Amino acid sequence: MIEEQAIVVSSEAGIAEVEIVRRSTCGACSARSGCGVSMLDRVLGRRPQRLLLVDKLGVRAGEEVMVGIPEGALLKAAVAAYIVPLVGLLGGAMAGDLMLHEGAIGQGLPLLTGAFGFVGGLLATRLYSRRLAADPRWRALLLRRVSHSLPVGLPGLH
């Protein structure tokens, strides 16, 4: 389970709306100056993510909670978002190249079929992500309240 801290924005009728502020490890990364993710973070800024979750804990607005998603959900989403469009792009370009060698029209055919393959990959990703979102096994869960306790020293140790 991948866990992230969130703040409850509102809660009513067994549904809690929580806000997760994305954290980044870009500050500690040696490649941050040449990284696309770091650049996008600087340009677009950090926007909080809001989720509606089933509230089995009876949380109230302002409370800090832990939200979790199954590791498998993250892996499936990453494959769908990155690999499927890339495979569509490359597959389309290779199909266009094969048609070109068989005497079909123009040199731009691999480019055109690659673009169609990429769009097809994006559409497949969209359909797949909708199916994942509808499956309750892959949804985010409200795990527990976050308690802020002060560290207590052991007696006799200084």
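Values in this document were obtained by computation on a predicted structure and should not be read as measured data. (Residues numbered from 1 in each chain as written. Predicted model: local features only at pLDDT ≥ 70, side-chain atom pairs only at ≥ 80, totals over all residues. Heavy atoms only, no water.)

*Asks:* Hey, could you run me through the overall build of the protein chain in this one?
*Replies:* From N to C terminus, the protein chain includes three helices and five strands. In the protein chain, the succession of α and β elements from N to C terminus is β-β-α-β-β-α-α-β. Sorting the 158 residues of the protein chain into buried and exposed places 22% on the buried side. When the accessible surface of the protein chain is split by element, carbon and sulfur atoms take 65% of a total near 11,500 Å². (Helix = DSSP H or I, 4+ residues; strand = E, 2+ residues; numbered from the N terminus. Buried < 20%, exposed > 50% of the residue type's maximum accessible area, 1.4 Å probe, protein only. Areas by Shrake-Rupley, 256 points an atom, 1.4 Å probe, with all protein chains shown as cover.)

*Asks:* Looking at this structure, how should I read the pattern of salt bridges?
*Replies:* Pairing is possible between side chains of opposite charge, provided their charged atoms come close. Inspection of every chain in the model, using the stated rule, returns four salt bridges. Measuring nitrogen to oxygen at the nearest pair gives 3.4 Å for the salt bridge that ties Glu17 to Arg50. Highlighted residues: Glu17 in strand E2 (residues 15-20) and Arg50 in strand E3 (residues 49-54), separated in sequence by 33 residues. For Glu17, a relative accessible area of 21% translates into the label partly exposed. A salt bridge links Glu19 to Arg50; the shortest N-O distance between them is 2.9 Å. Taken together, the residues span a long stretch of sequence, with Glu19 in strand E2 and Arg50 in strand E3 at a distance of 31 residues. According to the relative accessible area criterion, Arg50 is partly exposed, its value standing at 43%. It is possible to trace a salt-bridge network through shared partners that takes in Glu17, Glu19 and Arg50. (Salt bridge = Lys/Arg side-chain N within 4 Å of Asp/Glu carboxyl O.)

*Asks:* How should the nonpolar core be read in this particular structure?
*Replies:* Here is a general trend for soluble globular proteins: nonpolar side chains tend to be buried in one another's company. Of all hydrophobic cores here, the largest spans 10 residues; its members are Ala6, Val8, Ala16, Val18, Ile20, Leu53, Val59, Val65, Val67 and Leu142. Breaking this core down by element, the ones donating at least two residues are strand E1 (2-12), E2 and strand E4 (64-69). Once residues lying within four places of it in the same chain are set aside, the contact partners of Val18 are Ala6, Ile7, Val8, Val9, Gln49, Arg50, Leu51, Leu53, Val65, Val67 and Leu142. (Core = buried A, V, L, I, M, F, W, Y, C linked by side-chain atoms within 4.5 Å. Contact = heavy atoms within 4.5 Å.)

*Asks:* Explanation requested: the sheet that holds E4 in the structure shown.
*Replies:* Strand order in the open sheet made by the five strands is E3-E2-E1-E4-E5, with antiparallel pairing throughout. With one partner strand each, in any of the chains shown, E3 and strand E5 (141-145) form the two edges of the open sheet. Mean inter-strand twist for the sheet, computed between neighbouring axes without regard to direction, equals 45°. Looking at chain direction, E1 and E4 are connected through six bridges and run antiparallel. (Pairing = 2+ DSSP bridges. Axes fitted to C-alpha atoms, helices over the stretch in contact; angles between N-to-C directions.)

*Asks:* Would you take a moment to explain the pairing of E2 for this structure?
*Replies:* A regular strand places its side chains so that they alternate between the two faces of the sheet. The side-chain alternation of E2 yields one buried face, formed by Ala16, Val18 and Ile20, and one unburied face, formed by Ile15, Glu17 and Glu19. Summarising the sheet, E1 and E2 pair through five bridges and their orientation is antiparallel. In the sheet register, Ser10 faces E2, and the bridge partner there is Glu17. Direction of pairing for E2 relative to E3: antiparallel, over a ladder of six bridges. Within the sheet, the bridge partner assigned to Ala16 lies in E3 and is Leu53.

*Asks:* Could you clarify how one ought to interpret a nonpolar patch on the surface in this entry?
*Replies:* A surface patch of nonpolar side chains, about 710 Å² in accessible area, is lined by Leu86, Leu89, Leu90, Met94, Phe118, Val119, Leu122 and Leu123. The set of elements that each furnish at least two residues to the nonpolar patch consists of helix H2 (71-101) and helix H3 (109-134). (Patch = residues over 30% accessible without salt bridge, like charges linked within 9 Å, V, L, I, M, F, W, Y side chains within 5 Å.)

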